[in-house]
Every structure is written in structure tokens, then in C-alpha cells.
Number of protein chains: 2
Amino acid sequence: MALEDGGSKWKNVALLVIDMQKDFISGPVKVKGGETIVPNVIKAVQIARKCGIHVVWVVREIDPLGRDVELFRRQFYDKTKVASKGSVGAELVDGLIIEENDYKLVKTRFTAFLNTHLHSYLHANGITDWVINGVQTPNCIRQTVFDAVSLDYKHVSVITDATAAATPDVHTANIFDMKNIGVVTPTLEEWCQSTEKFIS
Amino acid sequence: MALEDGGSKWKNVALLVIDMQKDFISGPVKVKGGETIVPNVIKAVQIARKCGIHVVWVVREIDPLGRDVELFRRQFYDKTKVASKGSVGAELVDGLIIEENDYKLVKTRFTAFLNTHLHSYLHANGITDWVINGVQTPNCIRQTVFDAVSLDYKHVSVITDATAAATPDVHTANIFDMKNIGVVTPTLEEWCQSTEKFIS
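Calculation rules
Residues numbered from 1 in each chain as written. Chains lettered and ligands numbered in written order. Predicted model: local features only at pLDDT ≥ 70, side-chain atom pairs only at ≥ 80, totals over all residues. Heavy atoms only, no water. Salt bridge = Lys/Arg side-chain N within 4 Å of Asp/Glu carboxyl O. Helix = DSSP H or I, 4+ residues; strand = E, 2+ residues; numbered from the N terminus. Buried < 20%, exposed > 50% of the residue type's maximum accessible area, 1.4 Å probe, protein only. 1 Å grid on protein atoms, 1.4 Å probe; cavity = no way out; pocket = protein on both sides within 12 Å on 5 of 7 lines; lining within 4 Å. Points joined across faces, edges and corners; volume = space filled by probe spheres on them. Nonpolar A, V, L, I, M, F, W, Y, C, P; charged D, E, K, R; others polar. Pairing = 2+ DSSP bridges. Right-handed = clockwise from strand over helix to strand, strands pointing away. Axes fitted to C-alpha atoms, helices over the stretch in contact; angles between N-to-C directions. Parallel < 35°, antiparallel > 145°, perpendicular 65-115°, else oblique. Contact = heavy atoms within 4.5 Å. Least-squares fit on C-alpha atoms with pLDDT ≥ 70 in both. UniProt positions renumbered as here; feature names shortened; annotations may be inferred.

**A short note on the pattern of salt bridges**
Enumeration over the complete set of coordinates arrives at 24 salt bridges over all chains. Note that R49 of chain B and E99 of chain B form a salt bridge whose closest N and O atoms lie 3.5 Å from each other. Residue R49 of chain B is located in helix α3 (residues 34-51), and its partner E99 of chain B is located in the loop between α4 (74-80) and β3 (103-107); the two are separated by 50 residues in the primary sequence. Looking at R49 of chain B, the relative accessible area reads 24%, which means it is partly exposed. Given a relative accessible area of 43%, E99 of chain B falls into the partly exposed group. Here K104 of chain B and E61 of chain B are joined by a salt bridge, their closest N and O atoms 2.6 Å apart. Separated by 43 residues along the polypeptide, K104 of chain B in strand β3 and E61 of chain B in the loop between β2 (54-60) and α4 bring together distant segments of the chain. Judged by its relative accessible area of 15%, E61 of chain B falls in the buried class. Overlapping salt bridges, with partners in common, bring together K22, E91 and D94 of chain A in one network.

**Brief notes about the layout of surface pockets**
For the largest pocket, the calculated volume is near 990 Å³. Lining the largest pocket we find 40 residues, and of these K85 and V106 of chain A together with E61, K85 and V106 of chain B sit closest to its centre. Sorting the residues of the lining of the largest pocket by element identifies β3 (103-107) of chain A together with β3 of chain B as the ones contributing at least two each. The greatest single-element share of the lining of the largest pocket, amounting to five residues, is contributed by β3 of chain B. Counted by class, the lining of the largest pocket contains 13 nonpolar, eight polar and 19 charged residues.

**Some points on the pairing of strand β4 (residues 129-135) of chain A**
Residues and elements named next belong to chain A. Most of β4 sits out of view: seven of its seven residues are buried. Sheet topology places strand β1 (residues 13-18) next to β4; six bridges connect them, and they run parallel. Each bridged residue has a counterpart across the sheet, and for V13 the counterpart in β4 is D129. Bridge count between β4 and strand β5 (residues 155-164): six bridges; the pairing is parallel. Residue pairing in the sheet places G134 in a bridge with T163 of β5. Each parallel crossover has a hand, and the one from β4 via helix α6 (residues 137-150) to β5 is right-handed.

**Observations concerning the packing of α6 of chain A against helix α7 (residues 168-180) of chain A**
Residues and elements named next belong to chain A. Taken N-terminus to C-terminus, the directions of α6 and α7 make an angle of 10°; their axes are 10 Å apart at the nearest point. On the basis of the axis angle, α6 is roughly parallel to α7. On α7, the residues that touch T137, P138, I141, R142, V145 and F146 of α6 are V170, H171, N174, I175, D177 and M178. Class assignment for the residues of the contact of α6 with α7 results in seven nonpolar, three polar and two charged.

**With respect to empty space enclosed by the protein**
Residue and element names in this part refer to chain B. According to the stated counting rule, one finds one cavity of 30 Å³ or more in the structure shown. Residue lining of the largest cavity: R60, E61, I62, D68, V69, K107 and T108, and that is the complete set. Among the residues forming the lining of the largest cavity, the class breakdown is two nonpolar, one polar and four charged.

**Remarks on the environment of P138 of chain B**
Residue and element names in this part refer to chain B. Note on placement: P138 falls in helix α6 (residues 137-150). For P138, a relative accessible area of 18% corresponds to the buried category. Taking the C-alpha atoms as reference, P138 lies 17 Å from G182; in sequence the two are 44 residues apart. Ignoring sequence-local partners within four residues, the contact set of P138 consists of Q143, A165, V170 and N174.

**Some words on the sheet that holds strand β2 (residues 54-60) of chain A**
Residue and element names in this part refer to chain A. With respect to topology, five strands assemble into an open sheet ordered β3-β2-β1-β4-β5, the strand pairing being parallel. The open sheet has two edge strands with one neighbour each: β3 and β5. On average, each strand axis in the sheet is inclined to that of its neighbour by 20°, with strand direction left out of account. In terms of strand pairing, β2 meets β3 through five bridges, oriented parallel. Its bridge partner being in β3, R60 is matched across the sheet by K107.

**Observations regarding the relation of the copies chain B and chain A**
Superposition record for chain B on chain A: RMSD 0.0 Å, screw rotation 180°, translation along axis 0.0 Å. Each copy turns onto its partner about a two-fold axis. In this assembly, 100% of the residues forming the interface of chain B have copies in chain A that are likewise at the interface, indicating an isologous arrangement.

**A word on the UniProt feature "domain: Isochorismatase-like" (unreviewed entry) in chain A**
Under the feature "domain: Isochorismatase-like" (unreviewed entry), the UniProt entry names residues 14-187 of chain A. Taken end to end, residues 14-187 of chain A comprises 36% helix and 20% strand; its first and last C-alpha atoms sit 17 Å apart.

**A few points about the side chain of S157 of chain A**
Following the sequence through the fold, S157 of chain A ends up in strand β5. With near-sequence residues (within four places) excluded, S157 of chain A lies in contact with W130, V131, I132, V183, V184 and P186 of chain A.

Structure representation (C-alpha cells):
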């Protein structure tokens, strides 16, 4: 595995994996379409590791008393206790594991940039480009992507078949909008092809 | 204990406890003056609990690889590994315990407001006033206090003998500056007196 070359080529790139937690993928409030992308998210992470692309895990871990949930969604949280900090539902789905050199960041809002140190972290570590996958397309994925454009990241890509929404229509409509502002929207296979020459 | 009255009176108030971790208080890079305030910080937390004042613990838990430390302090971190996430040094000092209704927040910079959801959290939970203690006065305490003023909190108090710096002179000079901008700077005893009537 030509990690040397890969590491050099991809040192400014991060793979962001968003909210791939049990409650959101297979729990009672799961995102329909979430389960089908799990194999592709696993594969995207594997490819990233092979290339030396830095993997950043972004998750929600909500205060058990709901005090850090958005005010207008607090009632919903009180009923569901979704992704409650320390609960099984807040864990990553089976097959996804945070490794030693990865980085984990907890967010409390849709976009991973609001009230977190994500931008500071990426900027200080030389990340100018990133690729995103996870759930769900119209909320956390899209809001994070739009913020990234506003924050002057050079390249932002969304892997279309490693992201998901409640319905295919919602997913497609949001991918369409992101593509329209200049975001690159490859399938996993297309993204793989772009990394292939750096993996042996 | 008249928690009902206290809870009502103090429901808009939080006690912020800053960086009271082993590495900063008793470790090799400790803040001189930190150890002497531990009993007062413990007492302040006890009083807060009796009054129904919400206790918010703010700590640093630095990425073991140092990737979320300020760039200009990263070299320092590489040598000291201070407050490394998961290490004993990152734990609170003995005598301070996070209880179930408290809230813990991890910051990566001096001020507890930069790149965190502290302001969102306090705002959404009706906190307009707060009292701060911990270490150290010129850095995390002062920067958090100045930001609080800018962010339009109504009342901000610094407990002068439950905060500490490397030297008494530095501590005093910083308390002086904060007092000059309108921050209330009681001793623990003075702060206790203001809460006394709500505790029985």
C-alpha cells in the first residue's frame, strides 16, 4: 500500500462522517434510507484510511435531560430520547469504528460548524478539501456543506450513495441543490476511482 | 432546605467552574495558586447546589495528538501532554464531582465561548447571570468573562478567592481590570452572604 504517496497527495483532505449512530440508522426514529448506505460508508472509511485521508467523525450526543437540543425540537427529544449521551442509541452503527488517529467531534445543531471547533480544527490541521457522507441529506449533510462553502473550503464533495434521507426524492432534490452551487457529487465508485491510483 | 424558593430565585443563574483539572491544579504544569483555592471552589459548588443554581463544568480535554490545541501552543502541548483526553491529568481534582443535573462542556480555547455551544446552552436554558470560578484568572477566566459582557449577559461575577493565577499580582491586576468594566468581584464569603437567605 503506497501510503507515502497517498498521504502526501491527500494530506489536505478529510472525510467527514455524519451522525452514523444507531438511533439515526436503525432505531425507532431512524432515517429511512439510512441502513442501505451503511456498507458504502464503511467502504468510504476504508478507502480514506488506505489513502491517508483523515477521518473525522461528527455525532450528536444529546444531554440526557435535553438541555442542549434546539428549543423548537426539545419536545420531540423529550419523547424520543434519541442519541442520548451514553446510550446505546448514540453509538456508531456496527461496522464503523473510531480508530486512534481519527478525530471525533460532538455537535448540537444540524450544521457541524455551528458552535463547534470543527472549522478551527480543520483549518489548523491544513484541511482545505473534504468529502462528506452519513445522514441525513437535507439536514446535517446539507447545512454542513453550505457552511463549508461559506467558510471558503476549496473543494467539498458529497458521496451521493453514502448519504441518505427519508425518501429518495428528498435526497435527490438536495443533492441537486448542492451540485448547483458547485459541490462535487460523486457516487462512491466515482470517488473510489479518483483515489485508486494512490492505493496499491 | 428551602430549595423551592432558592430554585425560583436562582433559576436564571449558573455557576461556571473552569479547568479545575489535576494537571492545571497539582500537575507538573500547575497554576501556582491553584491548589489553595480548591476548598473554596468545592464550597462554591456546594452553595450553588443548595440554592438550585445550575453548575456548569468547563474543562479542556485535549486530543492526545494535540491536533485541537492552539497552533502557537502546540509545541508546548507536545512536550507536556497536559490535560490529554482520557488521562488522569484531565480529571477534575479530588473533591469536585460532576453530578447528574450538572452540565459538562469541553472547550479548546481560553474563552469558553469560542467554538463551543456554551452561549447557546445558557441562552436556551434561561441563564442570564452567572458566577465564575476556577483557573486561571488572566486566561480562561478573564477571556470568558469579557466575552460574556460582549454577549449581553446581565450579571457576571468572579469569586476572587475561588480563582487563581501564577502570582497574586497577576491575579489582582486581572480582577482589577474586570471590576473596572462592571464585573462584580465578591469574595466567597461575600457571595455566600448574598445567597444565604435562600438556604435553610
